[in-house]
Amino acid sequence: MEISVSVNGTDHRSDVEPRTLLVHYLREDLGLTGTHIGCDTGYCGACTVIVDGRTVKACTMLAVQADGQSVQTIEGVANGDELHPVQEGFWECHGLQCGFCTPGMIMSSIALLDSNDDPTEEEIRHGIEGNLCRCTGYHNIVRSVQYAGARIRGEEPQGASQEVSS
Amino acid sequence: MYPAKFDYVSPSTLEEALSILSASENAKVLSGGMSLIPLMKMRLVRPTTVVDISRIPGLDEITDEGDHISIGAMVRHADTAASPLVIEHAAALAQAAGATADIQVRNQGTTCGSIAHADLAADQPAAVLALGATMVVASLAGTREIAAADFFVDTLTSALTPEEILVKIKVPKGGKSAYVKLGRRGGSSDYPIAACAVWVDASNGTVSDARIAVTGVGSKPYLAAASAQAVVGTDGSGDAIAEAASHATDDIVVLEDLYGSVAYRSHLAGVYVQRALEEVLA
Ligand SMILES: Cc1cc2nc3c(=O)[nH]c(=O)nc-3n(C[C@H](O)[C@H](O)[C@H](O)COP(=O)(O)OP(=O)(O)OC[C@H]3O[C@@H](n4cnc5c(N)ncnc54)[C@H](O)[C@@H]3O)c2cc1C
Ligand code: FES
Ligand code: FES
């Protein structure tokens, strides 16, 4: 079936089988392997992308459902060599360890900060409720999102310099 | 994992969707896909045709119809939860939609899809039972209305036939309602281990009418009639609430799974009936 999808601002016309999942379309047809497949059941959020402004789990959506829509993936968030504030936050605040959950975590954090650029810690924890991380214990992810919020608000982020003891 | 092969159609009118459903042997309606796609990936369901109703105009509206509000088939959980109309007139449904799954699932899944799917532990079916909602169902033969109390037949089984589409639900205005839940991941995340939706009409210091629905506890979301009876005609005091809570699982075969034993779930059902009643009668 022919679909036309805008991915990170580029229009793609593709022929896909109806059973192709959006995540497979992105990874295999378009080569955008930044979007990960973790649980493959809709629970972990590693495959989170933004479709028409809302986060979805790309392992639980058909590519044909995205026909005519616009998709944003982790590959599309940086501005050239300049990291997105959320990416910078994860970098500065050690918001990742193995990095497997990170692309999905960043997409959810971007959507959260788009609707509220000054979330409380509780709002951040709820904002990433659909994304599981097996490494960090979420603490540094929360700090990363707080850092990014400050950047987006034009304030000086706090806590980035805090050393993580080894 | 990916589904077995199927034909995909995305009709632009309801009539077209209904014709395809009535003409095919094994077609399935796709709305949000948050239950259907996982089932297809696990090959527990293998439809020959998938009828995506998301491109039919007008199905994604929440409207004020005077004595009731109407919620269309493509209204997503997130929109139900955030709708000022639903929050004002059907608080239990807004709360149940907001407590369903997680953000990404709420962005995709639909209120009507959750009702049509009829999972034994689903959140929003309990709310529509307590609110006394009506399901508006279309097929090529015409439209019929099904009361929530008659809609949930058994686990994953509703009163819908395979040729029918749940077009919208009508939720009557009036009274006060609430939904409280213990999710499998604590708080409200994920399916409930036990949860309760209540609706009361308590305008003059006495409870003149009440409906209490429990989910996650039995083989389907159910109305706890004896619990409701225990508060109707009272002033809604602590004693009446405790009496209602003690009848939360009357005549129900309580489930047991890794999240809770029969004894624990039965206890929780009472606790959540009590908490939900306290919320509306406080
Ligand atoms: C990770 C995860 C967590 C979840 N947690 C919860 C939770 O905590 N609580 C909860 O209640 N649910 C939960 N769900 C299920 C979720 O709420 C689904 O969105 C819902 O059960 C189905 O709605 P849908 O719109 O996605 O329907 P679909 O998946 O598209 O369809 C489900 C079934 O209903 C039928 N159907 C759908 N719409 C209609 C219609 N309008 N008319 C006739 N038939 C129709 C389909 O044919 C299919 O058989 C979870 C799902 C996931 C993936
Ligand atoms: S891979 Fe999609 S939710 Fe886990
Ligand atoms: S950093 Fe390893 S899963 Fe999150």
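Bear in mind that the values here come from a model prediction, so they are computed numbers and not experimental data.

Caption draft 1: The arrangement of the packing of aromatic side chains in detail. Residues and elements named next belong to chain B. On inspection of all chains with the given rule, the structure shows 1 aromatic pair over all chains. For the pair Phe151 and Phe152, a centre-to-centre distance of 5.2 Å together with 80° between the ring planes defines the contact as edge-to-face. Accessibility classification places Phe151 together with Phe152 in one group, the buried group. Geometry around Trp199 places Arg211 over its ring, the cationic atom sitting 4.3 Å from the centre. Stacked on the ring of Tyr272, the Lys or Arg Arg275 has its end atom at 5.1 Å from the ring centre.

Caption draft 2: Main features of the sheet that holds strand E12 (residues 192-201) of chain B. Residue and element names in this part refer to chain B. Taken in spatial order, the 4 strands of this open sheet run E11-E12-E13-E14, and their pairing is antiparallel. Of all the strands in the sheet, just strand E11 (176-183) and strand E14 (222-223) have a single pairing partner and so form its edges. Both strand E13 (residues 209-215) and E14 contribute to a ladder of 2 bridges, which runs antiparallel. Looking at E14, one finds that Val214 is bridged to Tyr222. Sitting on the sheet, helix H12 (residues 262-281) is in contact with E11, E12 and E13, with an inclination near 35° to E12.

Caption draft 3: Region of the structure containing the interface of chain A and chain B. Of the residues lining the interface, 31 residues belong to chain A; the matching set on chain B comes to 33 residues. Taking both sides of the interface into account, the surface hidden between chain A and chain B amounts to around 2,500 Å²; carbon and sulfur atoms contribute 52%. When the buried area of chain A at its contact with chain B is split by residue, A:Arg19, A:Arg54 and A:Glu129 rank highest and sum to 28% of it. On the surface where chain A and chain B come into contact, there are 4 salt bridges. One salt bridge connects A:Asp40 with B:Lys41, and the closest N-O pair in it is separated by 2.6 Å.

Caption draft 4: Summary view of the side chain of B:Asp52. Residue placement: B:Asp52 occurs in strand E3 (residues 49-52). Engagement of the side chain of B:Asp52 in a polar contact is seen with the side chain of B:Tyr8, the distance being 2.5 Å. Reaching out from B:Asp52, the side chain makes a polar contact with the side chain of B:Ser54 at a distance of 2.8 Å. Beyond its immediate stretch of four places on either side in the chain, B:Asp52 contacts A:Gln65, B:Tyr8, B:Val9, B:Ser10, B:Pro11 and B:Leu30.

Caption draft 5: How the structure looks around the domain arrangement of chain A. Residues and elements named next belong to chain A. Examined at the domain level, chain A breaks down into domain 1 (2-76) and domain 2 (85-152). Between domain 1 and domain 2, the contact holds 16 residues from the first and 13 residues from the second. Contact with domain 2 buries area across many residues of domain 1, yet His36, Thr48 and Ile74 alone supply 40% of it, more than any other trio. Where domain 1 packs against domain 2, one counts 0 salt bridges. The tally of links from domain 1 across to domain 2 stands at 3 residue pairs in polar contact (both at pLDDT 80 or more).

Caption draft 6: How the structure looks around the pairing of E3(B). Residues and elements named next belong to chain B. The alternating pattern of E3 places Thr49 and Val51 and Val50 and Asp52 on opposite faces, both of which are buried. Both strand E2 (residues 27-30) and E3 contribute to a ladder of 4 bridges, which runs parallel. Of the residues in E3, the one forming a bridge with Val29 is Val51. In this fold, the crossover linking E2 to E3 by way of helix H2 (residues 36-41) has right-handed handedness.

Criteria and thresholds
Residues numbered from 1 in each chain as written. Chains lettered and ligands numbered in written order. Predicted model: local features only at pLDDT ≥ 70, side-chain atom pairs only at ≥ 80, totals over all residues. Heavy atoms only, no water. Phe/Tyr/Trp six-rings, centres within 6.5 Å; stacked < 30°, edge-to-face > 60°. Buried < 20%, exposed > 50% of the residue type's maximum accessible area, 1.4 Å probe, protein only. Lys NZ or Arg CZ within 6 Å of the ring centre and 35° of its normal. Pairing = 2+ DSSP bridges. Helix = DSSP H or I, 4+ residues; strand = E, 2+ residues; numbered from the N terminus. Contact = heavy atoms within 4.5 Å. Axes fitted to C-alpha atoms, helices over the stretch in contact; angles between N-to-C directions. Buried area = accessible area lost by both parts, 1.4 Å probe. Salt bridge = Lys/Arg side-chain N within 4 Å of Asp/Glu carboxyl O. Polar contact = N/O pair within 3.5 Å; in protein donor to acceptor, adjacent residues only side chain to side chain. Domains from an automatic or database assignment. Right-handed = clockwise from strand over helix to strand, strands pointing away.

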